Amino acid sequence: MIHVEGHEFFRGGEKIGYLMDGWIHSHDGRKLGYVEGHSVYDHNGRKVAWLDGNHIYLTDHNEHWSIDENHRHVEGGDLPDTLRAAARIFLGD
């Protein structure tokens, strides 16, 4: 589970990443991806997921998550649903 505090992401009390200038970064500063509108893109600009209604759809998998399910994996903070999905995609469950 990922916990959000401000613009930082934690797992088990350890900082695993942060949000800066619209990009999700790993704890060591690597740019992992970003959100534009209702879509999530990786660091190369390739679309990896999108939000449609109450679900997040992953591009490379025949998989989708409900918004509620995603909130159970990325808790706390006051991030839009698309950024929560991006955190889960790039930082793991």
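As shown above, the structure is provided for reference.
No experiment lies behind these values; they were computed from the predicted model shown. (Residues numbered from 1 in each chain as written. Predicted model: local features only at pLDDT ≥ 70, side-chain atom pairs only at ≥ 80, totals over all residues. Heavy atoms only, no water.)

Draft legend 1. Just the overall build of the protein, in detail. Summing up its helical and strand segments, the protein has 2 helices and 10 strands in all. Counting from the amino terminus, helix and strand elements in the protein follow one another as β-β-β-β-β-β-β-β-β-α-β-α. Dimensions of the protein, computed from C-alpha atoms along their principal axes, come out at roughly 30 × 30 × 20 Å. Within the span of the protein, comprising 93 residues, buried residues form 41% of the whole. When contacts within the protein are restricted to residue pairs at least 6 apart in sequence, those whose partners lie at least 24 apart make up 33%. (Helix = DSSP H or I, 4+ residues; strand = E, 2+ residues; numbered from the N terminus. Buried < 20%, exposed > 50% of the residue type's maximum accessible area, 1.4 Å probe, protein only. Contact = heavy atoms within 4.5 Å.)

Draft legend 2. Structural context of the sheet that holds strand E4 (residues 23-26). The sheet built from 10 strands is open, its strands ordered E9-E8-E7-E6-E5-E4-E3-E2-E1-E10 with mixed pairing. Lying at the two open borders of the sheet, with one neighbouring strand each, are strand E9 (63-66) and strand E10 (74-75). As paired elements, strand E1 (residues 2-5) and strand E2 (residues 8-11) share 3 bridges and run antiparallel to each other. Looking across to E2, one finds that Val4 is bridged to Phe9. (Pairing = 2+ DSSP bridges.)

Draft legend 3. Structural view of the nonpolar core. One finds Phe9, Ile24, Ile56, Phe90 and Leu91 to be the most contacted residues of the largest nonpolar core, which totals 23 residues. Elements that contribute at least two residues to this core include exactly E1, strand E3 (14-20), strand E7 (47-52), strand E8 (55-58) and helix H2 (81-91). (Core = buried A, V, L, I, M, F, W, Y, C linked by side-chain atoms within 4.5 Å.)

Draft legend 4. Spatial organisation of unusual backbone geometry. The phi angle at Asp21 is positive, at roughly 55°, despite the residue not being glycine. Within the secondary structure, Asp21 is located in the loop between E3 and E4.

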